[in-house]
Amino acid sequence: METAEIRRRWLSFFEGKGHTVVPSAPLIYDDPNLLFVNAGMVPFKPYFLGQQSPPWQRATSVQKCVRTGDIEEVGKTSRHGTFFQMNGNFSFGDYFKAGAIEYAWELLTTSQTQGGYGIEADKLWATVYEDDDEAADLWVQLTGIPKERVVRRGLADNYWHMGVAGPGGPCSEIYVDRGPEYGPDGGPAVDEDRFMEVWNLVFMQSSLGDVRTKVDFDISGDLPKKNIDTGMGLERIASILQGVDNMYEIDEVYPVLERAAEMTGKKYGAHSGHDAAHSHPDDVRLRVVADHIRSSLMLIGDGVTPGNEGRGYVLRRMLRRAVRSMRLLGFDEPSLPHLLPVSLERMKQSYPELEDGFGRISQIAYAEEDAFRRTLASGTTILDTAVARTKAEGGTQLAGEQAFSLHDTYGFPIDLTLEMAAEQGLAVDREGFRRLMQEQRDRAKADAKAKKAGHADTHVWKELRERGATEFRAYEELTSEGHVVGLVHEGRRVDELEPGQRGQVILDRTPFYAESGGQVADEGIITADGAHLRVVDVQRPVKGLIAHTVEVLQGPVRTGAEVISEVDPEWRISACQAHSGTHVVHAALRQVLGPSALQSGSYNKPGYLRLDFAWNQALSPATRSEIEEVANLAVRGDLPVSAQYMTLPEAREWGALALFGETYDEMVRVVEIGGPWSRELCGGTHVQHSSQIGALTVTGESSVGSGVRRLEAFVGMDALHYLAKERALVAELTDLVKVQPGELKERIASLLARVKDAEREIEKMRQEQVMAQTGKLLDYTRDVRGVRVLTHDAGDGAGADDLRTMALDLRHRLGEAGPAVVALTGVAKGRPVVVVATNAAARERGIKAGALVRVAAQALGGGGGGKDDLAQGGGTDPARTGEALGRVDAEIAVAAG
């Protein structure tokens with residue numbers, strides 16, 4: 001049974017049992033604690049936490065998930081994968097333990113001809129929490145499973161909670177016995193390779209207080225309603241139903257593995273048994289490739305682009321691990337163009353949107369592979385230099401700072417640094433690297449937390465949210481009356497904010513737009529009796545709650561106060577111009593470049609917009625002008641701008657585009673400009689007609705990552721101000737060079753040509769002066785233990801090219817009659833350079849240019865290297881060139897001795 005059919009049967013079964021089918025949320029979800037959706041229940045958290053009322057009593061979904069905590073274990077076991085799909089059925093105060101057990105048993109054991117999965121009942125085991133007598137009895141009563149195949153286990157295995165205060169409860173896991181060839185008998189407690197867990201039924205019945213660890217928490221009482229949250233790993237059940245050893249061999253994953261094996265000439269499974277934990281390294285690498293290719297396809301499909309932080313880094317790491325695994329398997333050419341389309345063919349059955357977006361997806365992935373191939377070349381050189389310097393200083397361990405720099409600046413994977421350093425006999429300071437990585441993560445988390453919630457703990461916002469959601473009036477009005485329902489200062493609830501303080505104000509209703517969808521928050525004022533507050537930021541710290549960060553100019557302001565909230569109208573209209581302008585530019589991009597030029601991120605503030613889009617090459621000036629013209633024609637066309645609400649499936653069927661990286665509810669808002677010309681899911685504020693955007697001028701285009709470009713533009717009065725500055729600049733230049741504006745280009749080109757001619761003449765004269773010294777320098781040749789040595793400091797202005805030319809000429813003049821070494825130093829643009837050349841006779845005496853340069857470069861505070869006959873280095877301290885040459889003399893004396 002194919003995975004897509006297993007998925008279809010799941011949804012069909014539970015829909016037939018009265019469950020509403022809920023589409024999978026994107027992998028990027030609006031949860032500050034998660035990089036990605038990592039469990040099927042994540043989109044339902046607000047209902048389980050009581051933050052929102054569920055719109056249905058029963059629901060079912062097949063949720064896309066990514067977990068990366070065990071990324072190093074991928075391929076080594078039958079269970080670990082990064083991307084996976086979680087089948088779930090959920091009850092919100094409806095059926096409980098009995099219903100969950102009955103549904104699970106029915107679907108698993110019903111024959112395939114009757115729409116079930118057809119697993120033999122005598123192969124199934126169940127586990128329950130050790131104190132859950134009710135669940136243990138229900139399993140036996142409702143299914144007829146023998147009592148000895150219902151295993152009791154402790155908190156670590158069979159109790160579920162979110163890791164924070166909230167709902168929790170015992171759970172019951174279902175295992176399938178795969179047979180003696182996979183391990184010993186005895187049930188899940190004995191061997192979880194033979195007995196594979198496929199389904200977890202969580203009986204959410206308790207309210208947890210202080211949660212300290214997985215097994216250490218306080219139960220504060222019963223939940224008002226008992227809920228069911230279940231999860232069945234789609235890949236795991238597929239491996240069972242397809243009769244394969246592990247998730248890497250199912251129909252959605254194995255074709256990539258098979259193609260990778262074919263490309264590398266490997267025979268998968270030739271040296272491994274059924275147990276993935278004891279596999280040949282080649283098989284592990286092939287599984288890594290198959291897993292990471294599929295995961296990357298899904299992540300890029302949901303809007304993630306490679307980067308050095310957060311989600312982007314996870315994607316980059318997976319793509320590069322896949323590429324590196326292919327190289328270790330012996331395939332040195334670009335591999336993603338061969339593998340990614342194979343994964344698409346399998347995954348598009350369940351996710352047809354992948355095929356529509358494959359142009360964008362492949363552009364990003366292939367560009368990342370090209371960048372990594374360049375990184376391997378440049379990073380290897382940098383690593384080799386660092387290793388040589390460490391060895392020269394007598395070290396045995398590459399510094400954590402150097403490993404971190406390779407990772408952070410050049411994208412060089414730490415596992416590659418570890419491996420290549422070990423090949424050259426060095427360890428790596430892993431602890432130092434981890435410390436620097438953690439410091440970077442901590443800074444990022446602190447910044448995100450400060451921005452998202454004004455430094456307040458999440459529970460503060462949850463408590464305020466329990467009082468009710470903030471009524472959002474930004475689409476209808478700029479001014480509204482309301483009440484203060486809460487105040488926060490320095491992360492704590494307070495009763496009042498005093499003049500001079502900065503804090504957060506929660507209102508029962510607000511006209512202020514909270515930052516989201518790339519649009520910055522509104523600014524304005526909030527006034528009350530005796531209080532005047534300036535609004536400087538507006539955020540949504542938890543779903544449904546809007547927090548206004550204010551500076552109290554007059555006050556105090558107290559909880560419960562009646563207030564009037566007023567958005568700065570000039571700020572709002574400029575923000576509307578920018579956001580509508582972003583939609584217009586996006587539509588213009590797609591019209592000019594084609595449908596694969598999809599937006600992958602945006603930022604807009606009053607008068608300014610920035611749009612990131614999938615494209616793997618710079619735009620020509622002519623293309624930029626065409627995009628700008630199409631956008632301005634749309635502005636001039638006075639196109640109507642409207643917004644309407646519909647379900648997410650309806651919006652997709654209507655052709656509305658989703659902004660990558662955003663999370664949408666089932667009911668979404670679609671903003672339309674000019675009918676079908678521009679339709680996007682958007683929660684931002686907009687103008688009413690495109691003409692209100694005003695002037696739109698593109699100011700720049702650049703690269704922001706592999707396969708991603710960025711356009712920047714001004715709109716409205718900011719665009720006019722920008723053009724006025726450019727006009728003033730042209731006027732100044734024409735006055736300066738005494739020509740008319742139409743002649744300016746030719747005049748500047750003529751002046752530049754004259755400057756270049758003059759620079760070439762000066763360079764020629766300088767080189768002649770440098771070379772004129774060469775003949776005289778021969779008089780300074782010295783004998784060092786039978787080696788003719790010529791050292792010279794050429795001083796300021798002598799660059800590496802000059803020194804190489806001089807060194808080769810001097811070596812030629814010294815001839816081959818006996819050993820000879822030429823060592824020269826100079827300073828170019830404030831940085832010292834050293835060049836060493838040796839003749840054949842010197843090299844026969846064991847005197848090598850590369851070794852001499854490394855010694856000299858150490859004195860300069862840098863490094864270097866090269867061949868035995870000619871080498872070059874440099875450093876940072878130009879005052880130590882004499883010391884560098886002295887070290888060369890000493891090293892020659894030792895080598896010649």
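What you are looking at is a predicted structure, and each value in this text was computed from that prediction instead of being measured. (Residues numbered from 1 in each chain as written. Predicted model: local features only at pLDDT ≥ 70, side-chain atom pairs only at ≥ 80, totals over all residues. Heavy atoms only, no water.)

S.K.: Give me the overall build of the protein: which residues, what numbers.
M.R.: A tally of helices and strands in the protein yields 25 helices and 35 strands. The proportion of buried residues among the 897 residues of the protein is 52%. Nonlocal contacts in the protein, meaning residues at least 24 apart in sequence, comprise 68% of its contacts between residues at least 6 apart. In the structure as shown, the protein presents an accessible area of about 39,100 Å², 48% of it carried by carbon and sulfur atoms. Computed over 101 positive and 130 negative side-chain charges, the separation of the two mean positions in the protein equals 4 Å. (Helix = DSSP H or I, 4+ residues; strand = E, 2+ residues; numbered from the N terminus. Buried < 20%, exposed > 50% of the residue type's maximum accessible area, 1.4 Å probe, protein only. Contact = heavy atoms within 4.5 Å. Areas by Shrake-Rupley, 256 points an atom, 1.4 Å probe, with all protein chains shown as cover. Lys, Arg positive; Asp, Glu negative; His and termini not counted. Charge placed at Lys NZ, Arg CZ, Asp CG, Glu CD.)

S.K.: Can you break down the side chain of threonine 3 residue by residue, with the values?
M.R.: Mapping threonine 3 onto the fold places it in helix H1 (residues 3–16). Taking the relative accessible area as the measure of exposure, threonine 3 reaches 0% and is therefore buried. For threonine 3, the side chain forms a polar contact with the side chain of glutamine 242, separated by 3.4 Å. A polar atom in the side chain of threonine 3 sits 2.5 Å from the side chain of aspartate 251. Ignoring anything within four residues of it in the chain, the contact list for threonine 3 reads Leu234, Ala238, Gln242, Ile250, Asp251 and Glu252. (Polar contact = N/O pair within 3.5 Å; in protein donor to acceptor, adjacent residues only side chain to side chain.)

S.K.: For the packing of aromatic side chains, give the residues involved together with the corresponding values.
M.R.: The relative placement of two aromatic rings is captured by the distance of their centres and the angle of their planes. Going through the model one piece at a time under the given rule, you end up with 28 aromatic pairs. When the ring of phenylalanine 44 is compared with that of phenylalanine 90, the centres are 4.2 Å apart and the planes differ by 35°; the resulting orientation is tilted. Taken together, the positions of phenylalanine 44 in the loop between strand E1 (20–21) and helix H2 (45–48) and phenylalanine 90 in strand E3 (residues 83–92) put the pair 46 residues apart, joining distant regions of the chain. Across this residue pair, the class does not change: phenylalanine 44 and phenylalanine 90 are buried. Pairing tryptophan 125 with phenylalanine 195 gives two aromatic rings, centres 5.3 Å apart and planes at 70°, and the pair type is edge-to-face. (Phe/Tyr/Trp six-rings, centres within 6.5 Å; stacked < 30°, edge-to-face > 60°.)

S.K.: Please set out the pattern of salt bridges residue by residue, giving values where relevant.
M.R.: By the definition in use, this model includes 47 salt bridges. A salt bridge links glutamate 134 to lysine 97, with the nearest nitrogen and oxygen atoms 3.1 Å apart. Placement of glutamate 134 in helix H4 (residues 133–143) and of lysine 97 in helix H3 (residues 97–109) is noted, with a sequence separation of 37 residues between them. A salt bridge links arginine 259 to glutamate 262; the nearest nitrogen and oxygen atoms lie 2.9 Å apart. Residue arginine 259 and its partner glutamate 262 are both found in helix H7 (residues 254–264); the two are separated by three residues, about one turn of the helix. In this structure arginine 259 comes out as partly exposed when scored by relative accessible area, which is 25%. Glutamate 262 gets classed as exposed once you look at its relative accessible area, which sits at 57%. (Salt bridge = Lys/Arg side-chain N within 4 Å of Asp/Glu carboxyl O.)

S.K.: Which residues make up the nonpolar core, and what are the values?
M.R.: In terms of nonpolar packing, the biggest core is built from 109 residues, with Tyr117, Trp139, Trp199 and Ile237 touching the most fellow members. Judged by nonpolar contacts, the second largest core, of 29 residues, contains Leu589, Ala597, Leu609 and Cys682. (Core = buried A, V, L, I, M, F, W, Y, C linked by side-chain atoms within 4.5 Å.)

S.K.: Outline the confidence of the model for the protein, supporting the account with residue identities and numerical values.
M.R.: Model confidence for the protein is summarised by a mean pLDDT of 89, while 95% of its residues fall at 70 or above. Every residue in residues 451–455 scores below 50 in pLDDT, and together they form 15 contacts with partners more than four places removed in sequence or on other chains. (pLDDT = per-residue confidence, 0-100.)

S.K.: Tell me about helix H12 (residues 358–392), and please be specific about residues and values.
M.R.: Here H12 contains 35 residues, and its C-alpha end-to-end distance of 50 Å stays within 8% of the 51 Å for a straight helix at 1.5 Å per residue. One or two positions beyond H12, positive phi appears at glycine 394, with a value near 85°. (Expected span 1.5 Å × (residues − 1).)

S.K.: Describe the sheet that holds strand E28 (residues 696–705), with residues and values.
M.R.: Spatially, four strands are ordered E23-E24-E29-E28 in an open sheet, and the strand pairing comes out antiparallel. Where the open sheet ends on each side, the last strands, each with one partner, are strand E23 (599–605) and E28. Here the strands of the sheet are splayed against their neighbours by 15° on average, with no regard to which way each runs. The pairing of E23 with strand E24 (residues 608–614) spans six bridges and is classified as antiparallel. Pairing of lysine 605 across the sheet is with tyrosine 608, part of E24. Against the sheet, helix H17 (residues 569–593) engages E23, E24, E28 and strand E29 (708–715), with an angle of about 30° to E24. Sitting on the sheet, helix H20 (residues 716–737) is in contact with E28 and E29, with an inclination near 95° to E29. (Pairing = 2+ DSSP bridges. Axes fitted to C-alpha atoms, helices over the stretch in contact; angles between N-to-C directions.)

S.K.: Which residues make up a nonpolar patch on the surface, and what are the values?
M.R.: Among the surface-exposed residues, Leu729, Leu733, Leu736, Ile748 and Leu752 lie close enough to one another that they form a single nonpolar patch of about 450 Å² accessible area. Mapped onto the nonpolar patch, the elements with two or more residues apiece are H20 and helix H21 (744–777). Looking at the nonpolar patch, the element that brings in the most residues is H20, giving three residues. Counting through the fold element by element, leucine 733 comes out in helix H20. Overall, leucine 733 belongs to the partly exposed group, its relative accessible area being 30%. (Patch = residues over 30% accessible without salt bridge, like charges linked within 9 Å, V, L, I, M, F, W, Y side chains within 5 Å.)

S.K.: Run through the packing of helix H8 (residues 281–301) against helix H9 (residues 310–328), naming residues and quoting values.
M.R.: Where H8 meets H9, the closest approach of the two axes is 8 Å, and the angle between their N-to-C directions is 150°. For H8 against H9, the interelement crossing comes out left-handed. For the pair H8 and H9, the contacting residues are Arg285, Val288, Val289, His292, Ile293, Ser295, Ser296, Leu299 and Ile300 in the first and Leu315, Met318, Leu319, Arg321, Ala322, Ser325, Met326 and Leu328 in the second. Residues that form the contact of H8 with H9 fall into these classes: 11 nonpolar, four polar and two charged. (Left-handed = near helix turned anticlockwise from the far one by under 90°. Nonpolar A, V, L, I, M, F, W, Y, C, P; charged D, E, K, R; others polar.)

S.K.: Describe the side chain of arginine 669, listing the residues and the values that go with them.
M.R.: With respect to the helices and strands, the residue arginine 669 is situated in strand E26 (residues 667–673). Nearest to the buried, unbridged arginine 669 among oppositely charged side chains is glutamate 476, at 7.8 Å. Within the local environment of arginine 669, its side chain forms a polar contact with the side chain of tyrosine 475, the two groups lying 3.5 Å apart.

S.K.: Please provide a residue-by-residue account of the sheet that holds strand E34 (residues 863–866), values included.
M.R.: If you walk across this open sheet you meet the six strands as E30-E31-E32-E33-E35-E34, and the pairing is mixed. Edge positions in the open sheet fall to strand E30 (782–784) and E34, since each of these has one partner strand only. Strand-to-strand, the axes of this sheet are offset by a mean angle of 20°, without reference to chain direction. Relative to strand E31 (residues 787–796), E30 is paired through three bridges, and the arrangement is antiparallel. Each residue of the ladder has a partner; that of aspartate 783, found in E31, is arginine 788. Seen against the sheet, helix H22 (residues 800–814) touches E31, strand E32 (820–828), strand E33 (831–838) and strand E35 (870–874) and runs at an angle of roughly 160° to E32. Packed on one face of the sheet, helix H24 (residues 849–859) meets E32, E33, E34 and E35 and runs near 155° to E33.

S.K.: Before we move on, could you go through unusual backbone geometry and cite the residues and values that matter?
M.R.: In this structure, the amide linkage connecting glycine 555 to the following residue, proline 556, adopts the cis form with an omega of 10°. Residue placement: proline 556 occurs in the loop between strand E20 (547–554) and strand E21 (557–558). Phi at glutamate 490 takes a positive value of approximately 50°, unusual for a residue other than glycine. Among the secondary structure elements, glutamate 490 is positioned in the loop between strand E13 (479–489) and strand E14 (492–494). Located in the positive-phi region is lysine 829, a residue other than glycine, with phi close to 55°. Tracing the sequence through the fold places lysine 829 in the loop between E32 and E33.

S.K.: Quick one: what's the story with the packing of helix H10 (residues 336–347) against H12, residue by residue and with numbers?
M.R.: For any two helices packed against each other, one specifies the crossing angle of their axes together with the interaxial distance. The N-to-C vectors of H10 and H12 enclose an angle of 145°; their axes lie 10 Å apart at closest approach. Considering only the axes of H10 and H12, their crossing is right-handed. Contacts from Leu336, Pro337, Leu340, Pro341 and Leu344 in H10 reach Phe358, Ile361, Ser362, Ala365, Tyr366 and Glu369 in H12. Across the contact of H10 with H12, the residue classes tally to nine nonpolar, one polar and one charged.

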